[in-house]
Amino acid sequence: MSATTEITPLGEQDRQNGPAASSGAVIAIAIGRNEGERLLRCLRSLQPQVGRLIYVDSGSTDDSVSRARALGAEVVLLDMSLPFTAARARNAGLAGADDAEFIQFVDGDCEVEAGWITTALAALQSDPKLAIVAGRRRELHPEASIYNRLCDAEWDTPVGPAQAVGGDMLVRRAALAQIGGFDPSLIAGEEPEMCLRMRQAGWTIRRIDAPMTIHDAAMLRHAQWARRARRAGHAFAEVSWRHRDDPEGFWRRETRRALLWGIGLPLVILLGAMITPLFWWLLLIYPAQMARIALRDPHRPERWKRAFYTVLGKFPEARGALEFHLRRLIGRRSGLIEYK
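Residues numbered from 1 in each chain as written. Predicted model: local features only at pLDDT ≥ 70, side-chain atom pairs only at ≥ 80, totals over all residues. Heavy atoms only, no water.

### Focus on the packing of aromatic side chains
Point 1. Counted by the stated rule, this structure contains nine aromatic pairs.
Point 2. Between F308 and Y309 the ring centres are 5.1 Å apart and the planes differ by 85 degrees, which places this aromatic pair in the edge-to-face class.
Point 3. For Y309, a relative accessible area of 15% translates into the label buried.
Point 4. Above the face of the F182 ring, R90 is positioned so that its terminal group lies 5.9 Å from the ring centre. (Phe/Tyr/Trp six-rings, centres within 6.5 Å; stacked < 30°, edge-to-face > 60°. Buried < 20%, exposed > 50% of the residue type's maximum accessible area, 1.4 Å probe, protein only. Lys NZ or Arg CZ within 6 Å of the ring centre and 35° of its normal.)

### Let's talk about the side chain of T255
Point 1. Checked against the element boundaries, T255 lands in helix α9 (residues 252-273).
Point 2. A residue is classified by how much of its surface remains accessible, and T255, at 6% relative accessible area, is buried.
Point 3. The residues contacting T255, other than those within four sequence positions of it, are F236, A237, S240 and A321. (Helix = DSSP H or I, 4+ residues; strand = E, 2+ residues; numbered from the N terminus. Contact = heavy atoms within 4.5 Å.)

### A closer look at helix α3 (residues 86-95)
Point 1. Counting buried positions over the 10 residues of α3 gives 10, a clear majority of the element.
Point 2. Three or more residues of α3 are buried, namely A86, A87, R88, A89, R90, N91, A92, G93, L94 and A95.

### Here's the deal with unusual backbone geometry
Point 1. Backbone geometry places A218, a non-glycine residue, at a positive phi of 55 degrees.
Point 2. Mapped onto the fold, A218 is located in the loop between β11 (204-215) and α8 (222-242).
Point 3. By relative accessible area, which is 27% here, A218 ends up partly exposed.
Point 4. Phi angles above zero are rare outside glycine, and E302 is one such case at about 65 degrees.
Point 5. Checked against the element boundaries, E302 lands in the loop between α10 (285-296) and α11 (303-312).

Shown next, in the form of structure tokens:
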């Protein structure tokens with residue numbers, strides 16, 4: 001692994017050439033930056049399950065690169081003089097996996113469950129129109145904070161046909177190549193946006209009832225949770241804006257909901273209260289909405305806490321959505337919004 005070469009089969013990408021590796025049905029691509037022990041757990045969980053392992057590093061300042069190489073991973077180093085996104089990192093790894101039929105994508109803060117790839121591969125091979133398979137992602141330490149538990153509940157999505165998945169997935173490479181890979185200009189929401197284009201191209205996506213990955217959110221502070229919600233709001237706004245002419249209206253509802261609860265209603269209350277104090281009574285809409293969400297939550301433990309944070313999260317989501325549109329109007333690119 002001596003030279004670093006820029007290549008662009010799927011757009012702007014980076015690859016550090018490595019030694020030839022035997023081709024296999026599945027190649028794993030892990031992306032990360034300064035993940036420490038989490039990265040080692042990730043790579044070790046993949047080693048017995050795939051033919052090749054590619055690690056894409058996004059400017060780590062720790063020993064991630066040397067430790068990944070020591071575990072036998074082929075290392076791709078991104079040129080950090082160019083704007084970084086997770087989508088760009090995934091495309092860079094994909095450029096080095098053109099001999100694979102299937103790609104297992106995983107974030108560097110996740111471990112892949114034993115037996116996952118065998119199970120997911122069987123699903124893909126049984127349906128030639130199935131492009132992406134995902135399973136159950138769970139949190140490593142849900143007991144550590146309410147924020148980790150909120151993540152764990154978020155990952156508990158229904159099985160069956162899906163509109164989108166997250167960063168962990170087994171993908172049919174031919175389908176991903178057909179749609180041009182991930183959009184490297186998106187700072188968040190790149191996987192659901194890719195899934196949208198995948199479905200528009202006629203492919204299907206499925207979530208199966210199988211353990212897939214163990215995620216280490218490591219969210220112990222409120223500020224981390226708020227930044228993550230802000231990033232989600234930015235993703236809602238940017239992806240829905242880019243696909244604003246699509247009849248599906250992907251993420252349009254989520255964007256409007258964030259702007260309504262996080263900006264629109266507070267402005268109405270504030271401006272109305274300048275006319276009459278009766279408008280302050282409209283603040284009761286928020287606890288009413290929390291009660292509505294809690295009473296509809298089938299998972300009784302902590303449902304009131306989840307409802308509280310669902311409503312509270314609309315404020316940072318609205319901020320993220322507003323930031324996107326303001327920057328769009330003045331022609332400025334948004335920077336990464338990271339919570340770790």
